[in-house]
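# Close look at the chain arrangement
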Amino acid sequence: MDNTIADTRRLFSKPQNLNDAYGPPSNFLEIDVSNPETIGVGRSRYTTYEVRLKTNLPIFKLKESCVRRRYSDFEWLKAELERESKVVVPPLPGKALIRQLPFRGDDGIFDDTFIEERRLALEQFLNKVAGHPLAQNERCLHMFLQDESVDKRCIMMVGLLWVYRFR
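How each quantity is defined
Residues numbered from 1 in each chain as written. Predicted model: local features only at pLDDT ≥ 70, side-chain atom pairs only at ≥ 80, totals over all residues. Heavy atoms only, no water. Core = buried A, V, L, I, M, F, W, Y, C linked by side-chain atoms within 4.5 Å. Buried < 20%, exposed > 50% of the residue type's maximum accessible area, 1.4 Å probe, protein only. Helix = DSSP H or I, 4+ residues; strand = E, 2+ residues; numbered from the N terminus. Contact = heavy atoms within 4.5 Å. Polar contact = N/O pair within 3.5 Å; in protein donor to acceptor, adjacent residues only side chain to side chain. Pairing = 2+ DSSP bridges. Phe/Tyr/Trp six-rings, centres within 6.5 Å; stacked < 30°, edge-to-face > 60°. Lys NZ or Arg CZ within 6 Å of the ring centre and 35° of its normal.

## Here's the deal with the nonpolar core
Ranked by size, the top nonpolar core spans 29 residues in total, and within it Val51, Phe74, Leu77, Leu126 and Leu145 carry the most contacts. If you list the elements that add at least two residues to this core, you get β1 (29–39), β2 (46–55), α2 (71–84), α3 (112–130) and α4 (139–146). Filtering out sequence-adjacent residues up to four positions away, leucine 145 remains in contact with Ile31, Val51, Leu53, Phe60, Ser65, Val67, Leu126 and Ala130.

Below is the structure:
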């Protein structure tokens, strides 16, 4: 029978001042998807979401940014990451095709409950992607989070030029 007692004394650490103890963490990345807004009428109707970024990570050129994105922009980001990076990209919330059928008796994809569920799922998707160290190096993620508009052709052209150059 072993009668040894575990050493449970407090570890000694360097003293902290108030700024160390209650200041911002050394590295942080906060992404919120909020303020959904439905735009347009009829078949050209869509919902945009505000994507707000706050960080102190040196890899991002802006420490705070706020842009508006629609679901198709999230699809573009996912496709770019899958095409260009070694990151395993989490799934996006589904397209909700059944909600787009006519004569449903509700607002379909423009129903407030659906929009809130999608908003939350898009926020989770973005936080998982942006939290990955390899994804943080991808230009498409920076463009998505910080550029006013996403020029989807720009990234594709850069990729095509790179492929052509190294053939």
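Back to the write-up after that little detour.
## A few points about the side chain of threonine 48
Along the chain, threonine 48 falls in strand β2. For threonine 48, a relative accessible area of 8% puts it in the buried group. Only 2.9 Å separates the side chain of threonine 48 from the side chain of arginine 68, close enough to count as a polar contact. Apart from residues lying up to four places away in sequence, threonine 48 is in contact with Asn35, Pro36, Glu37, Ile39, Arg68, Arg69 and Arg70.

## Observations concerning the pairing of β2
β2 sits mainly inside the fold: seven of its ten residues count as buried. Across nine bridges, β1 lies against β2 in antiparallel orientation. In the sheet register, isoleucine 39 faces β2, and the bridge partner there is tyrosine 46. When β2 meets strand β3 (residues 64–70), the two strands line up antiparallel, connected through seven bridges. Directly across from arginine 52, in β3, lies its bridge partner cysteine 66.

## Let's talk about the packing of aromatic side chains
A complete count under the given rule lists one aromatic pair for this structure. A ring pair is formed by phenylalanine 74 and phenylalanine 144, whose centres lie 4.9 Å apart and whose planes are at 70°; its orientation type is edge-to-face. With a gap of 70 residues between them, phenylalanine 74 in helix α2 and phenylalanine 144 in helix α4 connect regions that are remote in the sequence. Exposure class is identical for phenylalanine 74 and phenylalanine 144. Each is buried. Between arginine 70 and the ring centre of tyrosine 46, over which it is positioned, the NZ or CZ distance is 3.7 Å. Across the ring face of tyrosine 71, the terminal group of arginine 118 is positioned such that the distance to the ring centre comes to 3.9 Å.

Honestly, that's just the spatial picture; any functional story needs more than this.
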